[in-house]
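Descriptive analysis of the structure
The chain contents come next:
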Amino acid sequence: MRPTIRGNLSHHNASAGIHMNGDISEQPGNGLVQYATVESNVIWENGARGGSGINCDGVDDSIFRNNLLYNNHASGISLYAIDGAHGSSNNKVYNNTIVMAPNSRFVINIPNDGGGKSPPTGNVIENNILYTPDSFHGSVLIAKPGVPGFHSDYNIVVNHFSDDNGNTSTSLTKWQALGFDLHSIVATPAQLFVDPTHQNYQLKPGSPAIDAGVALSDVPTDILAVTRPQGLAWDIGCYEEKKTTLTLQ
């Protein structure tokens, strides 16, 4: 299908901000959305009645990069299957900034929703800011340890995760013992951003997200088309701190 969703403002929807659905039961085709590019969107104040900022039901082989999501009330990005042919798989979630509303769900939600469909596999999460103020719901949810091909690293996170479909919450240390997020760090919006109180999520001087990411050829620029990297390494999140060069006369 190869849809592209780029440069949109999506806000104050009762459910999802952006929704893609393979819908095998009601539409012709293979029940999948494939090879989508979802980039440089700003998505906020959605999901009061459920539905993620970016909702993906049966979405495969797609990339989600340089999106800014804030104050969404369900999950940030969900990769799953209800109507799709199988769980959303082999997707790249790169360099997004996601700051959840209070009392929201997990930031990245990759569950096994059952119903006899194959669960998500092969999803990769790198260079993202995954913040929630919630004391139980955390940065990433997966169905169980050992999900084939799942990888998560070089993210800014909170100290809560789930490896059992959201039934319990575990610490970053225990999550890392499973081999995930070994280079990720915990930080707060006050440490990271210029002015999070007024929704300025650009990186402040000295932000721990600066030069803390891994090199990703799939993300050559940021949400403002600034070339990556500007410093020694990719910045984490949707913004790359733009360096200025002084020319001596």
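The structure reproduced in this document is the subject of the present report. Note that this is a predicted model, so its numbers are computed, not measured.

**A short note on the pairing of strand β7 (residues 54-57)**
With burial as the criterion, each face of β7 is covered, one bearing Ile54 and Cys56 and the other bearing Asn55 and Asp57. Looking at chain direction, strand β3 (residues 18-21) and β7 are connected through four bridges and run parallel. Paired with His19 across the strands is Asn55, a residue of β7. Bridging between β7 and strand β11 (residues 77-80) involves four bridges; their strand directions are parallel.

**Considerations on the environment of Val140**
One can find Val140 in strand β17 (residues 140-142). Judged by relative accessible area, Val140 falls into the buried class, the value being 0%. Spatially, the C-alpha atom of Val140 lies 14 Å from that of Tyr94, the residues being 46 residues apart in sequence. For Val140, the residues in contact, after removing those within four places along its chain, are Phe106, Ile108, Ile125, Leu130, Phe150, Ser152, His160, Phe161, Ser162 and Trp175.

**A look at empty space enclosed by the protein**
Here the structure, examined in full by the defined rule, presents one cavity of 30 Å³ or more. In this structure, the largest cavity occupies an estimated 30 Å³ of space. Around the largest cavity sit Ile110, Pro120, Thr121, Gly122, Asn123, Ile142, Val147 and Phe150, which together line it.

**Overview of the pairing of β11**
Neither face of β11 is open: one carries Ile77 and Leu79, the other Ser78 and Tyr80, and all of them are buried. Of the strand pairs in this sheet, β11 and strand β14 (residues 108-110) are connected by two bridges, and their pairing is parallel. What sits directly across from Ser78, in β14, is Asn109.

**What to know about the nonpolar core**
If you look at the biggest cluster of nonpolar residues, it comprises 31 residues, and the most contacted ones within it are Met20, Phe64, Ile108, Val140 and Phe150. Of all the elements in the fold, those that place two or more residues in this core are β3, β7, β11, β14, β17 and α1 (172-177). Core analysis: the second largest hydrophobic core is formed by 20 residues, Ile129, Ala187, Phe193 and Ile210 among them.

**Looking at the sheet that holds strand β5 (residues 37-39)**
Whether parallel or antiparallel, the strands of a sheet pair through hydrogen bonds between backbone atoms. As summarised here, the arrangement of the six strands in space is β1-β5-β9-β12-β15-β18, forming an open sheet in which the pairing is parallel. Because the sheet does not close on itself, it has two edges, and the strands there are β1 (4-6) and β18 (151-153). Adjacent strand axes in the sheet meet at a mean angle of 5°, parallel and antiparallel pairs treated alike. Where β1 lies against β5, three bridges are found, and the strand directions are parallel. Bridge pairing in β5 places Arg6 opposite Glu39.

**What to know about the side chain of Ser10**
Mapping Ser10 onto the fold places it in strand β2 (residues 9-11). With a relative accessible area of 10%, Ser10 lands in the buried category. Here the side chain of Ser10 touches Asn13 through a polar contact of 3.3 Å, side chain to side chain. Apart from the residues within four sequence positions on either side, Ser10 is in contact with Gly17, Ile18, Val42, Ile43, Trp44 and Asn46.

**Quick look at the sheet that holds β11**
The six strands lie next to each other as β3-β7-β11-β14-β17-β20, forming an open sheet whose pairing is parallel. With one partner strand each, in any of the chains shown, β3 and β20 (161-162) form the two edges of the open sheet.

**Description of the packing of aromatic side chains**
The final tally for this structure, using the stated rule, is eight aromatic pairs. Seen in terms of ring centroids, Tyr70 and Tyr201 are 5.3 Å apart; in terms of plane orientation they differ by 40°. Their pairing is tilted. In this pair, Tyr70 sits in strand β10 (residues 68-70) while Tyr201 sits in strand β23 (residues 200-203), placing the two residues 131 residues apart along the sequence. The interplanar angle of 85° and the centroid separation of 4.9 Å between the aromatic rings of Phe150 and Phe180 together place this pair among those described as edge-to-face. Separated by 30 residues along the polypeptide, Phe150 in the loop between β17 and β18 and Phe180 in the loop between α1 and β21 (185-186) bring together distant segments of the chain. Judged by its relative accessible area of 9%, Phe150 falls in the buried class.

Conventions we followed
Within any chain, residue numbers begin from 1 and follow the written order of that chain's sequence. Note on the predicted model: pLDDT of at least 70 is required for a residue's local features to be given, and 80 or more for side-chain atom pairs to be given and counted; whole-chain, interface and lining totals, by contrast, use all residues. Side-chain descriptors were evaluated using all non-hydrogen atoms of the structure, hydrogens and water having been removed beforehand. Only protein chains enter the area calculation, which uses a 1.4 Å probe; residues under 20% of their type maximum are buried, those over 50% are exposed, and those in between are partly exposed. A helix here means a DSSP run of H or I that spans at least four residues, while a strand means a run of E at least two residues long, and both kinds are numbered starting from the N terminus. For two strands to count as paired, DSSP must find a minimum of two bridges between them. By the convention used here, residues are in contact when the closest approach between their heavy atoms is within 4.5 Å. Cavities and pockets were defined on a 1 Å grid built from protein atoms only: a cavity is a group of points that admits a 1.4 Å probe but offers it no way out, a pocket is an open group of points flanked by protein on both sides within 12 Å along at least five of seven lines, and a lining residue is one with an atom within 4 Å of any such point. Grid points are joined across faces, edges and corners, and a volume is the space filled by probe spheres set on the points. Definition of nonpolar core: a set of buried residues of the types Ala, Val, Leu, Ile, Met, Phe, Trp, Tyr and Cys, connected through side-chain atoms within 4.5 Å. Axes here refer to lines fitted to C-alpha atoms; in helices the fit is confined to the stretch in contact. Angles between the N-to-C directions go from 0 to 180 degrees. We call two N or O atoms a polar contact when they sit within 3.5 Å, provided that within protein one can donate a hydrogen and the other can accept it, with sequence-adjacent residues counted only if both atoms are side-chain atoms. Two rings from Phe, Tyr or Trp (for Trp, the six-membered ring) form a pair when their centres sit within 6.5 Å of each other. Planes less than 30 degrees apart are called stacked, planes more than 60 degrees apart edge-to-face, and all others tilted.

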